[in-house]
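Summary of the model geometry
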Amino acid sequence: MTGHTTGPRPARAARAARAARVAALPHSRTEPDGAAVVRLLSYNIRSLRDDPEALVRVVRACAPDVVCVQEAPRFFRWRKRAAWLARRTGLTYVTGGATAAGPLVLASLRAHVEHTEDVLLPRTPGLHRRGFALARLRFGPTARLGVVSFHLSLQARERREQARALLERTAALGPAVVAAGDVNERAGGPTFALLGAGLRDAWAAAPWSGEHTSPAAAPRQRIDAVFAGERVEVLGAGVPRGLPGVAEADLAAATDHLPVLAALRIPAG
């Protein structure tokens, strides 16, 4: 028997490489020049109908400064349930929920809320009403970020119209803006292309960790995304699989989508 040793199996090596890559996602911080590194999480939570404790564990492990929620509770006692989610994840309610037809924004105490707005979009007969939850947040003295949480239609024509409305809203918030949510269309489709013409697809700009978000138990398509304006630098974006504290069982149990976590640098001023 020789002294030759073999390296780790390919699958084990791939897992180790992925874990190292995941661990490298930048953490929140304020830089000497006043710029802010912000962690933003986008998550379709299916109205907390699955395992809310698993959902809480995933969100807390991602340590976000901002959470763009889709399918937030919006019917009976929805404010109480939104407050529960904010409290259990260590965040605060900013805007949205039933008043935006589902999209909601949560934020950490690091964010100073300067403006909020909930927008209801025109209703198409026979389809669910949609809307946007908007906020302007400040991190540190002068780093400001416009945030829009969205959930687009299942119907292709309406989805494109809503994407145009989303681009109008993000343009009004300025170049330091991010829109995050459920596109309800696979990456590469016409709505993705439309949004990508006005904003940058964060995963395409700086891919990190996993890509596919649906369905949670066996993901095979990317229908959830973060889009960034020109003054937002994307440091990394993707599904936080392998992130310390994020268990595979929790990702599968929390809801029917996987979340998208992005690290963004917001310039001062």
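Scroll up a little and you will see the structure.
What counts and what doesn't
- Residues numbered from 1 in each chain as written.
- Predicted model: local features only at pLDDT ≥ 70, side-chain atom pairs only at ≥ 80, totals over all residues.
- Heavy atoms only, no water.
- Helix = DSSP H or I, 4+ residues; strand = E, 2+ residues; numbered from the N terminus.
- Rg over C-alpha atoms; globule rule 2.2 N^0.38 Å.
- Buried < 20%, exposed > 50% of the residue type's maximum accessible area, 1.4 Å probe, protein only.
- Salt bridge = Lys/Arg side-chain N within 4 Å of Asp/Glu carboxyl O.
- Axes fitted to C-alpha atoms, helices over the stretch in contact; angles between N-to-C directions.
- Parallel < 35°, antiparallel > 145°, perpendicular 65-115°, else oblique.
- Left-handed = near helix turned anticlockwise from the far one by under 90°.
- Contact = heavy atoms within 4.5 Å.
- Nonpolar A, V, L, I, M, F, W, Y, C, P; charged D, E, K, R; others polar.

**Looking at the overall build of the protein**
Check the secondary structure of the protein and you find seven helices and 13 strands. Relative to the 2.2 N^0.38 estimate, which gives 18 Å for 269 residues, the radius of gyration of the protein is 18 Å and therefore close to what a compact globule would have. Projected onto its principal axes, the C-alpha coordinates of the protein cover approximately 75 × 45 × 35 Å. Every one of the 269 residues in the protein was classed for burial, and the buried ones make up 51%.

**With respect to the pattern of salt bridges**
What the rule picks out here adds up to 15 salt bridges. Notably, a salt bridge pairs Glu233 with Arg265, separated by 2.7 Å at the nearest N-O pair. Here the residue Glu233 occupies a position in strand β12 (residues 233–238), and Arg265 occupies one in strand β13 (residues 260–266), the gap between them amounting to 32 residues. For Glu233, a relative accessible area of 39% translates into the label partly exposed. In this structure, the salt-bridge partner of Glu248 is Arg241, at a minimum N-O distance of 2.5 Å. Overall, the relative accessible area of 38% leaves Glu248 in the partly exposed class. Through salt bridges with shared partners, a single network forms among Arg29, Glu31, Glu233 and Arg265.

**Regarding the packing of helix α2 (residues 52–62) against helix α3 (residues 78–88)**
The contact between α2 and α3 brings their axes to 9 Å, and the two run at 45°. Comparing the axis directions of α2 and α3 gives the class oblique. The hand of the α2/α3 crossing is right-handed. Of the residues in α3, those in contact with Pro52, Glu53, Leu55, Val56 and Arg60 of α2 are Trp84, Leu85 and Arg88. Residues belonging to the contact of α2 with α3 are distributed by class as follows: five nonpolar, no polar and three charged.

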